[in-house]
Amino acid sequence: MTPDPTDVGAFVPNSVAIGGSEEGSLRGRTFVAKDLFSLQGHRSSFGHERWRATHAEPSETSPILTRMLNAGADLVGLTKLDQLAYSLIGNVGEGAPPPNALDNRLFCGGSSSGSAAAVAAGLADIGLGTDTAGSIRVPAAACGLHSIRPSHGLIAPHGVIPLAQSFDVVGIFGLRASTIADALKVLAPQAANLVPPVGVKLAADVFGTADADTERVGRSVAEAAASIMGVPFEEVEFGQFTSTDVGDLFARLQGREIWSNHGRWVEEHGSTLAHDVRSRLERCERLSRDPAEVKEQDHQERFRYAKAFTAAVEPGTVLVLPVMLEHGPMRAWDDDRLAQFRSGCFRLAAPSSLTGAPQAVFSVRHHDESRSVGIGLLTAAGADHRLLDLMVSLGE
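Residues numbered from 1 in each chain as written. Predicted model: local features only at pLDDT ≥ 70, side-chain atom pairs only at ≥ 80, totals over all residues. Heavy atoms only, no water.

A. Up close: the overall build of the chain. Scanning the chain from N- to C-terminus turns up 12 helices and 10 strands. Computed over the C-alpha atoms, the radius of gyration of the chain is 19 Å, within 12% of the 21 Å expected from 2.2 N^0.38 for a compact globule of 396 residues. Referenced to the eigenvectors of the C-alpha coordinate spread, the extents of the chain come out at roughly 55 × 55 × 45 Å. Counting only residues that meet the buried cut, the chain has 57% of its 396 residues in that class. (Helix = DSSP H or I, 4+ residues; strand = E, 2+ residues; numbered from the N terminus. Rg over C-alpha atoms; globule rule 2.2 N^0.38 Å. Buried < 20%, exposed > 50% of the residue type's maximum accessible area, 1.4 Å probe, protein only.)

Put into structure tokens, the structure is as follows:
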């Protein structure tokens, strides 16, 4: 029996449901959308009631929602998210945090917490969200879902409230990889003339910092992927791409964009935000005042990072990487512990976010179904559909 949506706490108070077309490749499928996609006549929360109160209803619906509806999918509702889409925990959105249907000890991860919660609870086949620094990938891993953060720009973000547009990507959740693949075909065309598969690389040093279960599952997924693709398996050092310095660079670049987009609103309404969100926004404001030469140095460093990444993850290669280093985020953790968890996930998310390369999450459930381990599959930009084909072959 499908759960009652009102019992899950995944939806915003003024949620809307819309039936899809009678025809299309997604007919009979259902979807939810993070409450930052524009919908004509609906006032978005962007994770906070004050945002809703201070912004007008949009005059148009996002083409992303329109494509889903035209393809036959039914919109079940609009889902909660962390404030301004600026968290990886799933604990600071509008109202109570949505429960995690896989493990009630955990938050759902953020910022796309409501979409992940709804799909995990069986209320929708497809969840739409956004990912700037892990906001699709972390909830997928926390809730035992498959997902994809597509190549940057593959899905044009028209009608989506930005956080930091150089890094923002519209992403997809699903319990089945094949369902995600079907949705991506509707939202983005398939690339042609792809480079043949080359190899699978396991980020062995990064997995070495994760808990034993994550390391074991990551290795198994990597070996299975190499076998399916018929390519060599290789262990590599990848820690330079997920280091503290990389995380700091990413935070600086992202922070300046966030302040440019939302600084004026935050100056007026920031006192209503959660403490940890407000603290990060205060850092964004300080970063925005950096000298021009400092900002330029960071952009050049991002360019060098992307160049090194391209050499390490060449077209045709799949890199297997953790999404989180431990089982979390636990509701029982204090603020410091949650901040530590967020920092770790943020660094692991950096390679895809900084380079625009697609990263999928393949979740492996334990036999007792009460825990899942999410494994990141990262490849060169443009090979999104091939990545999902691999996930389908790995099994549901």
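B. Up close: the state of the cysteines. Tallied over the entire structure, the rule returns zero disulfides. Free cysteine Cys-108: the closest other cysteine sulfur is in Cys-143, separated by 3.9 Å. With a relative accessible area of 0%, Cys-108 lands in the buried category. Of all cysteine sulfurs in the structure, the one in Cys-143 sits closest to Cys-345, which takes part in no disulfide; the separation is 13 Å. Cys-345 sits in the buried class, given a relative accessible area of 2%. (Disulfide = S-S within 2.5 Å.)

C. Region of the structure containing empty space enclosed by the protein. Under the criterion given, the structure shown has four cavities of 30 Å³ or more. In this structure, the largest cavity occupies an estimated 70 Å³ of space. If you trace the largest cavity, you find it lined by Ala-85, Tyr-86, Ser-87, Leu-88, Thr-132, Ala-133, Ser-135, Leu-163, Gln-254, Arg-342 and Phe-346. Class assignment of the residues belonging to the lining of the largest cavity gives a composition of six nonpolar, four polar and one charged. The calculated volume of the second largest cavity comes to roughly 50 Å³. (1 Å grid on protein atoms, 1.4 Å probe; cavity = no way out; pocket = protein on both sides within 12 Å on 5 of 7 lines; lining within 4 Å. Points joined across faces, edges and corners; volume = space filled by probe spheres on them. Nonpolar A, V, L, I, M, F, W, Y, C, P; charged D, E, K, R; others polar.)

D. Region of interest: the sheet that holds strand 2 (residues 74-79). Spatial ordering of the open sheet is given by 2-1-3-5-4-9-10-8-6-7, a layout of 10 strands whose pairing is mixed. Sheet topology places strand 2 and strand 7 (233-236) at the edges, where each strand pairs with a single neighbour. Across the sheet, the axes of successive neighbouring strands diverge by a mean angle of 25 degrees, strand direction being ignored. With five bridges connecting them, strand 1 (residues 30-34) and strand 2 associate as parallel partners. Each bridged residue has a counterpart across the sheet, and for Lys-34 the counterpart in strand 2 is Thr-79. (Pairing = 2+ DSSP bridges. Axes fitted to C-alpha atoms, helices over the stretch in contact; angles between N-to-C directions.)

E. Inspection of the pairing of strand 8 (residues 317-322) at higher detail. Within strand 8, six of the six residues are buried, which leaves the element mostly enclosed by the surrounding structure. Residue alternation in strand 8 divides its side chains into two sets, Thr-317, Leu-319 and Leu-321 and Val-318, Val-320 and Pro-322, and both sets are buried. Examined bridge by bridge, strand 6 (residues 199-203) and strand 8 share four bridges and lie parallel to one another. Bridge pairing in strand 8 places Lys-201 opposite Leu-319. The pairing of strand 8 with strand 10 (residues 372-379) spans five bridges and is classified as antiparallel. Paired with Pro-322 across the bridge in strand 10 is Ile-375.

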